[in-house]
Amino acid sequence: QVQLMESGGGLVQPGGSVRLSCAASGSMFSLYAMGWYRQTPGKQRELVAGISRGGTTVYADSVKGRFTISRDNAKNTVYLQMNSLKPEDTAVYYCNGRYGSSWSGDFGNWGQGTQVTVSS
């Protein structure tokens, strides 16, 4: 089973920036689209950004213009650059792959996620 390890989160001031990393095990990383998701108490996990095998990206309306997703297939790693952070961005961030018809997370078990807290 593919293992996913998120890192890079922490406490950041409003307006600040953070870069998250997701390292994936396995030999077929480049064959999957990848996405970043986030979850807060009382809400279901939601897609923040996704990137296809060919580099096409999609973003939630709430983060357009502020977040950038990218991937390095040679390193089996997906990144999420988060700029102009707002308190509303506070959440646990997860990554996962996609091979089905929707952005729901298809790699089985989710990783631990990484906490991002935006506060002054």
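Scroll up to find the structure.
Just so it is clear, the structure is predicted and the values come from calculations on it, not from any experiment.

Criteria and thresholds
Residues numbered from 1 in each chain as written. Predicted model: local features only at pLDDT ≥ 70, side-chain atom pairs only at ≥ 80, totals over all residues. Heavy atoms only, no water. Helix = DSSP H or I, 4+ residues; strand = E, 2+ residues; numbered from the N terminus. Rg over C-alpha atoms; globule rule 2.2 N^0.38 Å. Buried < 20%, exposed > 50% of the residue type's maximum accessible area, 1.4 Å probe, protein only. Contact = heavy atoms within 4.5 Å. Areas by Shrake-Rupley, 256 points an atom, 1.4 Å probe, with all protein chains shown as cover. Lys, Arg positive; Asp, Glu negative; His and termini not counted. Charge placed at Lys NZ, Arg CZ, Asp CG, Glu CD. Pairing = 2+ DSSP bridges. Salt bridge = Lys/Arg side-chain N within 4 Å of Asp/Glu carboxyl O. Disulfide = S-S within 2.5 Å. Core = buried A, V, L, I, M, F, W, Y, C linked by side-chain atoms within 4.5 Å. Phe/Tyr/Trp six-rings, centres within 6.5 Å; stacked < 30°, edge-to-face > 60°. Lys NZ or Arg CZ within 6 Å of the ring centre and 35° of its normal.

A. Expanded view of the overall build of the protein. Broken down by element type, the protein carries zero helices and ten strands. Overall, the protein shows an N-to-C arrangement of helices and strands of β-β-β-β-β-β-β-β-β-β. A globule of 120 residues ought to have a C-alpha radius of gyration of about 14 Å, and the protein, at 13 Å, matches this closely. Projected onto its principal axes, the C-alpha positions of the protein cover 40 × 25 × 25 Å. Looking at the protein residue by residue over its 120 residues, the buried ones come to 41%. Restricting the contact set of the protein to residue pairs at least 6 apart, pairs at least 24 apart contribute 55%. Approximately 6300 Å² of the protein is accessible, and the part contributed by carbon and sulfur atoms is 46%. Across the protein, the centroid of the 11 positively charged side chains sits 3 Å from that of the 7 negatively charged ones.

B. Structural detail: the pairing of strand 1 (residues 4-7). Residues of strand 1 alternate between two faces, with Leu4 and Glu6 buried on one and Met5 and Ser7 left unburied on the opposite face. Across four bridges, strand 1 lies against strand 3 (residues 18-24) in antiparallel orientation. Across the sheet, Leu4 pairs through a bridge with Ala24, a residue of strand 3.

C. View of the pattern of salt bridges. Throughout the structure, instances matching the rule amount to four salt bridges. The closest approach of N and O atoms between Lys64 and Asp61, which form a salt bridge, is 3.0 Å. The exposure classification of Lys64 matches that of Asp61, with both residues exposed. Measuring nitrogen to oxygen at the nearest pair gives 2.8 Å for the salt bridge that ties Arg66 to Asp89. Here Arg66, found in the loop between strand 6 (57-59) and strand 7 (67-72), pairs with Asp89, found in the loop between strand 8 (77-82) and strand 9 (91-98); they are 23 residues apart in sequence, far enough to count as distant. Counted as one network, the salt bridges with shared partners bring together Arg38, Glu46, Arg66 and Asp89.

D. Region of the structure containing the state of the cysteines. Inspection of the entire model under this criterion finds one disulfide. The disulfide partner of Cys22 is Cys95, and the S-S distance across this bridge is 1.8 Å. Every disulfide takes its handedness from the sign of the S-S torsion; for Cys22 and Cys95 that torsion is 55°, giving right-handed. With a gap of 73 residues between them, Cys22 in strand 3 and Cys95 in strand 9 connect regions that are remote in the sequence.

E. Representation of the nonpolar core. Core analysis: the biggest nonpolar cluster contains 27 residues, and Leu20, Trp36, Phe67, Leu80, Met82 and Tyr93 have the highest contact counts within it. Among residues more than four places away in sequence, those in contact with Leu20 are Ser7, Gly8, Gly9, Trp36, Val78, Tyr79, Leu80, Met82, Tyr93, Thr114 and Val116.

F. Looking closely at the packing of aromatic side chains. Going through the model one piece at a time under the given rule, you end up with four aromatic pairs. Between Tyr32 and Phe107 the ring centres are 4.9 Å apart and the planes differ by 90°, which places this aromatic pair in the edge-to-face class. Of the two residues, Tyr32 is situated in the loop between strand 3 and strand 4 (33-39) and Phe107 in the loop between strand 9 and strand 10 (114-118); the sequence distance between them amounts to 75 residues. The two residues Tyr32 and Phe107 agree in class, both being buried. Measuring from ring centre to ring centre gives 5.1 Å for Tyr37 and Trp110, while their planes differ by 90°; the resulting arrangement is edge-to-face. A residue pair is termed long-range when its members are at least 10 positions apart, and Tyr37 in strand 4 and Trp110 in the loop between strand 9 and strand 10 qualify at 73 residues. The class of Tyr37 is buried, set by a relative accessible area of 2%. Feature note: the residues Tyr32, Tyr99 and Phe107 constitute an aromatic cluster, connected by ring pairs. It is Arg45 that lies over the ring of Trp110; its NZ or CZ is 3.9 Å from the centre. Over the aromatic face of Phe29 sits the side chain of Arg71, whose NZ or CZ is 4.8 Å from the ring centroid.

Functional significance is not addressed by these values, which are geometric in nature.
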